[in-house]
There are 2 protein chains.
Amino acid sequence: MRSLLIIGGSDAGISAALRAREIDSKMDITVMVADRFPNYSICGLPFYLSGEVSEWQTLAHRTANEIEKQGIRLLLEHKATGIDPEEKKVTAINKSGLTRTLKYDKLIIGTGAVSARPPLAEPDLPGVFTLRGMEDAFAIHRYMEAHQPKSVVILGTGYIGMEMADALTRRRLSVSVLARSGRVLKTVDPEMGEMIREELLQHGVRVFDLITVNAIEKQEEKLIIRNTEGIPIEGDIILLATGVRPETALAMECGIETGIQGAIRVNRAMETNINNIYAAGDCVETWHRLLRKYSYLPLGTTAHKQGWVAGENAAGGKVEFTGSLGTQVVKIFDLVVARTGLRESEAREVGFDPMTSDLEAMDHKAYYPGSTPLRIRITGDRKTHRLLGAQMIGNYRAEVSKRIDIFATAIFNEMTVESLIQLDLSYTPPLSSPWDPVQMASQAWIKELGY
Amino acid sequence: MRSLLIIGGSDAGISAALRAREIDSKMDITVMVADRFPNYSICGLPFYLSGEVSEWQTLAHRTANEIEKQGIRLLLEHKATGIDPEEKKVTAINKSGLTRTLKYDKLIIGTGAVSARPPLAEPDLPGVFTLRGMEDAFAIHRYMEAHQPKSVVILGTGYIGMEMADALTRRRLSVSVLARSGRVLKTVDPEMGEMIREELLQHGVRVFDLITVNAIEKQEEKLIIRNTEGIPIEGDIILLATGVRPETALAMECGIETGIQGAIRVNRAMETNINNIYAAGDCVETWHRLLRKYSYLPLGTTAHKQGWVAGENAAGGKVEFTGSLGTQVVKIFDLVVARTGLRESEAREVGFDPMTSDLEAMDHKAYYPGSTPLRIRITGDRKTHRLLGAQMIGNYRAEVSKRIDIFATAIFNEMTVESLIQLDLSYTPPLSSPWDPVQMASQAWIKELGY
């Protein structure tokens, strides 16, 4: 019986295990999990800390029991310490310090990513946190229960920073956000970032721009942010939300090649440079369908798909990862912000001749109660009229997320902007208009092009 | 200066006029409108009658003034009485009985559809209504104001029947619906129809199955439904919601060919068989992209697109209507029901080898508050794995409409079911799952196929 060993029990690892089981009902499948939390939705941690999710146990995509019922062995609290590709074996140590060795025919590495801490003096003071895994969330939760902080300073305006600004405002903390670049959610255009900034301000979140932090100091009960501007910024707790980096030490030690931002190099079958070893998820380079090259884009959606591909191939199938479009969405207070594809600068870099147009339209017919404005920016190529990217902001209830997915599906299929106008999209007055806003934005683009 | 005359000021006509103006800023454009209501959203009438829309004036997609500002002449309350294709002129009569003749270089016919009344004895009794245009809605509104009806019987379980069952329940009328076929919303599969029936029952709507109505009679203040089953059914008002037929008398008189259900034959440039005469909207046959043939599918979304195509071509452009997928959505109380593409029986008729699978999934991560179940049925071809159709039911807030649009965009692009699994769709726990339900349904389909 062939054996599949998977290192990592988060999105990519479990997705791989489940797909391998579907492809080969007999394969011996083991997932080695460093902590006690296989298949947890770490994207849900901000909602646990906000109090919207009251029981952390509900964050599991599946329980350990549900996974084991599929005939998948879970080896919890085992940390892989070495891979021997010649002998096809992995050594591991458990929480009691006992080591063991596991043989494999196929190995999938899904070690994920870790928080990238900024280079600060003394970042490990009590009350200073990052948020990546379950234990991070428990640490924050315990500290908040014990110390009842009244204020927080968040370093970073990315997805986690924004979600935590929302979450801790809900917990009635006074929230300050430091935007080192002077921009909020840099993954969307500045025009849209400013709308998010406005939403933050309206909910009482203070945003400090263009501040470079040198150090964090503890003065009595307060944590003080020492910064280049000399602005007095302090909080009872501090959250470092300045991104992640791939966890690849184990892979590198056995000769697996890495590339962009240190992520593991894989081909589109999710194979590494070493025979019988695959990798997937936040530890790997991701094929970008539009850029036609690899990039580092750690996302749960991508991790699931890459795991699926790795699992299918490790179990004897033959499938390729068809690529990311960089699709992302985040809810910040009452707003939802989403993007897919390329922004103008990204498109220009790879040789497109991009043009971007802007549209505001109501999410559904204004005569029906509850309509709210959507702001849509789309980017297309002037020469070919190919749709390259879309960004959208609107109310939580305005179907922003699945509207960006219409664009994502169109981009996947290399549609032109004008062909979107004739898509047969659904309409009823409570939910859209005869031309969906997605199509109005496309009409605005071709009009701006003078077509 | 070339002139464009458009007969009909609803969706197709105004869409054509606006697009022609964009293409040719100088063209002389006139829209002849039979009533006083150019560019009204007749899809909004149930919401006016429900009281959700308090001012009927807000139902206008655009005001007459906004249209005229584009340099488009509106000739209100003018009914076209004849077309002379040789002389390129149209005769019309206004509400005062005055006739006039208008010359054209290009003519677009957008005469729409009218309610198809069932063959009943005495359908014209006071209190018996159809609902198609503004005047129909005003008649119902006036009658309800004057007579304060307590009950209504609705013949038909299509979109209008369902929306009016909802609307008049909101107005606190007791609502009975007659389902002649024994099915509710026949445009979706019976499994889904039964979920709608349940929603109707939960809101106090009675549904009578398999009843053929012979006559409507007035007895004192009540309207009595005489039927084959001899079941006593009566109401204070009756709504005949048994479909529409194309309004084509004017077109036929001048030699324009008609086809399916009497609708005007057009090619994909929206040209009729007579030179310089185009037609668009609910009066024409519609090219179905998947069936690869024409059908009769009167919908506002389609009318807008066909008008756009006709307008562009009449103004000297060159564009083809890329086809309908039969995408539809309706809100019924708290449910939204949507479909796109083909159902199994429709697919089999045109030579596909269809298989349908069923899935229930939560609209977003169950740990985040407010998640609700979605029911998704997808139909694909066993041989090619091509996605052929999708049907979905879920809560009003569950992004059903724009999720069906992901399927519609996929079908437009002839995607296989398995390729949907790798679409880069957006995810945040409050709005979806790492595999969107659209993708879970695709996974269920390939699993059922044993792939």
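As a reminder, the structure under discussion sits directly above these lines.
Being a predicted model, the structure only gives us computed values, none of them experimental.

**Re the overall build of chain A**
Item 1. Secondary structure assignment for chain A yields twelve helices and 25 strands.
Item 2. Here chain A has a C-alpha radius of gyration of 23 Å; the compact-globule value for 451 residues is 22 Å, and the two agree.
Item 3. Dimensions of chain A, computed from the C-alpha atoms along their principal axes, are close to 65 × 60 × 40 Å.
Item 4. A buried classification covers 62% of the 451 residues belonging to chain A.
Item 5. Here chain A displays about 17000 Å² of accessible surface, and carbon together with sulfur accounts for 47% of that area.

**Things to note about helix 6 (residues 190–202) of chain B**
Residue and element names in this part refer to chain B.
Item 1. Compared with the 18 Å implied by 1.5 Å per residue over 13 residues, the 18 Å span of helix 6 between its first and last C-alpha is a close match.
Item 2. Among the residues of helix 6, M192, G193, I196, R197, E199 and L200 are the ones counted as buried. Projected onto a plane normal to the axis of helix 6, the buried residues spread over an arc of 160° and lie on a single side.
Item 3. The inward-facing, buried residues of helix 6 abut helix 5 (159–170), strand 12 (206–209), strand 21 (328–332), strand 22 (335–341), strand 24 (373–381) and strand 25 (387–395).
Item 4. Directly after helix 6, the chain includes G204, whose backbone phi takes a positive value near 85°.

**Some details on the state of the cysteines**
All names here are of chain A.
Item 1. For the structure on display, the rule yields zero disulfides over all chains.
Item 2. The closest cysteine sulfur to the non-disulfide-bonded C43 is located on C283, 16 Å from its own sulfur.
Item 3. Judged by its relative accessible area of 26%, C43 is partly exposed.
Item 4. Its sulfur unpaired, C283 is 12 Å from the next cysteine sulfur, which belongs to C254.
Item 5. Look at C283 and you get buried, because its relative accessible area is 0%.

**Regarding unusual backbone geometry**
All names here are of chain B.
Item 1. At L185, a position not held by glycine, the phi torsion is positive, near 45°.
Item 2. As for its placement among the helices and strands, L185 is situated in the loop between strand 11 (174–179) and helix 6.
Item 3. Unlike most non-glycine residues, E220 shows phi in positive territory, near 50°.
Item 4. For E220, a relative accessible area of 76% gives the class exposed.

**Considering the relation of the copies chain B and chain A**
Item 1. Relative to chain A, chain B is turned by 180° and slid 0.0 Å along the rotation axis, the superposed coordinates differing by an RMSD of 0.0 Å. What the rotation and shift describe, once combined, is the action of a two-fold rotation axis.
Item 2. Comparing contact sets, 100% of the residues at the interface of chain B also lie at the interface in chain A, consistent with an isologous, same-surface contact.

**Regarding helix 4 (residues 134–147) of chain B**
Residues and elements named next belong to chain B.
Item 1. Taking 1.5 Å as the rise per residue, helix 4 with 14 residues should run 20 Å; its terminal C-alpha atoms sit 20 Å apart, in good agreement.
Item 2. Within the span of helix 4, buried status applies to M134, A137, F138, I140, Y143 and M144.
Item 3. For helix 4, the secondary structure elements touched by its buried residues are helix 2 (45–49), strand 9 (128–129), helix 5, strand 13 (213–219) and strand 16 (237–240).
Item 4. Note on helix 4: the residue one or two positions beyond its end, Q148, has a positive phi of about 45°.

**Focus: the interface of chain B and chain A**
Item 1. Every contact between the two is made by 73 residues of chain B and, on the other side, 73 residues of chain A.
Item 2. Carbon and sulfur atoms supply 60% of the area that chain B and chain A bury against each other, a total of about 6300 Å² over both sides.
Item 3. When residues of chain B are sorted by the area they lose upon contact with chain A, Y367(B), Q422(B) and D424(B) head the list and together hold 14% of the total.
Item 4. Between the two partners, chain B and chain A, sit four salt bridges.
Item 5. Taking the shortest distance from any N to any O, the salt bridge between K447(B) and E22(A) comes out at 3.7 Å.
Item 6. The interface formed by chain B and chain A includes 34 residue pairs in polar contact (both at pLDDT 80 or more).
Item 7. The set of elements that each furnish at least two residues to the side of chain B that touches chain A consists of helix 1 (11–23), helix 8 (300–314), strand 21, helix 10 (400–412), helix 11 (417–421) and helix 12 (437–449) of chain B.
Item 8. Taken together, the residues of the side of chain B that touches chain A break down into 33 nonpolar, 24 polar and 16 charged.

**Topic: the pattern of salt bridges**
Item 1. Counted according to the given criterion, the structure contains 54 salt bridges over all chains.
Item 2. The closest approach of N and O atoms between R348(A) and E344(A), which form a salt bridge, is 2.9 Å. In this pair, R348(A) and E344(A) both sit in helix 9 (residues 344–349), four residues apart, roughly one turn of the helix.
Item 3. By relative accessible area, which is 46% here, R348(A) ends up partly exposed.
Item 4. For E344(A), a relative accessible area of 24% corresponds to the partly exposed category.
Item 5. As a salt-bridge pair, R170(B) and E52(B) come within 3.6 Å of each other at their nearest N and O atoms. Linking R170(B) in helix 5 with E52(B) in the loop between helix 2 and helix 3 (64–68), this pair joins segments that are 118 residues apart in sequence.
Item 6. Judged by relative accessible area, R170(B) falls into the partly exposed class, the value being 37%.
Item 7. Residues participating in the shared-partner salt-bridge network are D189(A), E191(A), R343(A), D358(A), R375(A) and R377(A).

**Regarding the packing of aromatic side chains**
Residue and element names in this part refer to chain A.
Item 1. Summed over the entire model, instances satisfying the criterion amount to 20 aromatic pairs over all chains.
Item 2. Ring plane angle 65° and centroid distance 5.2 Å describe the contact between W287 and Y294, whose orientation is recorded as edge-to-face.
Item 3. For Y294, a relative accessible area of 22% translates into the label partly exposed.
Item 4. What links up through ring pairs into an aromatic cluster is the set F37, Y40, Y48, W56 and F138.
Item 5. The ring centre of W308 lies 4.0 Å from the NZ or CZ of R19, which sits over that ring.
Item 6. A cation over an aromatic ring shows up here: K331 above the ring of Y396, its NZ or CZ 4.6 Å from the ring centre.

**Some details on the sheet that holds strand 12 of chain B**
All names here are of chain B.
Item 1. One open sheet holds the five strands; their spatial order is 9-16-10-11-12, and the pairing between them is parallel. Each end of this open sheet is capped by a strand with a single partner; those strands are strand 9 and strand 12.
Item 2. Bridge analysis of strand 10 (residues 151–155) against strand 11 gives five bridges, and the strand direction is parallel. Counterpart to V153 in the pairing with strand 11 is S176.
Item 3. Its contacts with the sheet put helix 5 on strand 10, strand 11 and strand 16, and the angle it makes with strand 11 is roughly 165°.

What counts as what
Counting from 1, residues in each chain are numbered in the order their sequence is written. Throughout, the order in which chains and ligands are written sets their labels, letters from A for the former and numbers from 1 for the latter. Since the coordinates come from a predicted model, pLDDT governs what is reported: local features require at least 70, and pairs of side-chain atoms require 80 or more to be given and counted, while whole-chain, interface and lining totals use all residues. In computing side-chain properties, one takes all heavy atoms of the structure into account and sets aside hydrogens as well as water. In DSSP terms, a helix is any run of H or I states spanning at least four residues, a strand is any run of E spanning at least two, and both are numbered starting from the N terminus. For the radius of gyration, the atom set is restricted to C-alpha positions; the globular benchmark scales as 2.2 Å times the number of residues to the power 0.38. Summary of the burial criterion: residues with accessible area below 20% of their type's maximum are buried, those above 50% are exposed, and those between are partly exposed, where the area comes from a 1.4 Å probe applied to protein chains only. For accessible areas, the Shrake-Rupley method is used with a probe of radius 1.4 Å. Any residue's cover is judged against the shown protein chains and nothing else. Each residue after the first adds 1.5 Å to the expected span of a helix. The arc in question is traced by the directions running from the helix axis to the C-beta atoms. Residue contacts are defined here by distance: any two heavy atoms, one from each residue, within 4.5 Å place the two residues in contact. A pair of cysteine sulfur atoms is labelled a disulfide when the two atoms are within 2.5 Å. The atoms used to superpose the copies are C-alpha atoms, taken from residues with pLDDT of at least 70 in both, and the fit is least squares. Here's the idea: put two parts together, see how much 1.4 Å probe accessible area each one loses, and the total over both is what we call buried area. Should a side-chain nitrogen of Lys or Arg be within 4 Å of a carboxyl oxygen of Asp or Glu, the pair is scored as a salt bridge. Polar contact criterion, stated in full: a pair of N or O atoms within 3.5 Å, where within protein one must be able to donate a hydrogen and the other to accept it, and residues adjacent in sequence count only if both atoms are side-chain atoms. Note on residue categories: nonpolar means Ala, Val, Leu, Ile, Met, Phe, Trp, Tyr, Cys or Pro, charged means Asp, Glu, Lys or Arg, and polar means any other residue, Gly included. Stacked, tilted and edge-to-face are the three classes assigned to paired rings of Phe, Tyr and Trp, where Trp is represented by its six-membered ring and a pair needs centres within 6.5 Å; plane angles under 30 degrees give stacked, over 60 edge-to-face, the rest tilted. Placement of a positive charge over a ring is assigned whenever Lys NZ or Arg CZ falls within 6 Å of the ring centre and within 35 degrees of the normal to the ring plane. Here, any two strands with at least 2 DSSP bridges between them count as paired. All axes are obtained by fitting lines to C-alpha atoms, using only the stretch in contact for helices, and the reported angles, taken between N-to-C directions, cover 0 to 180 degrees.

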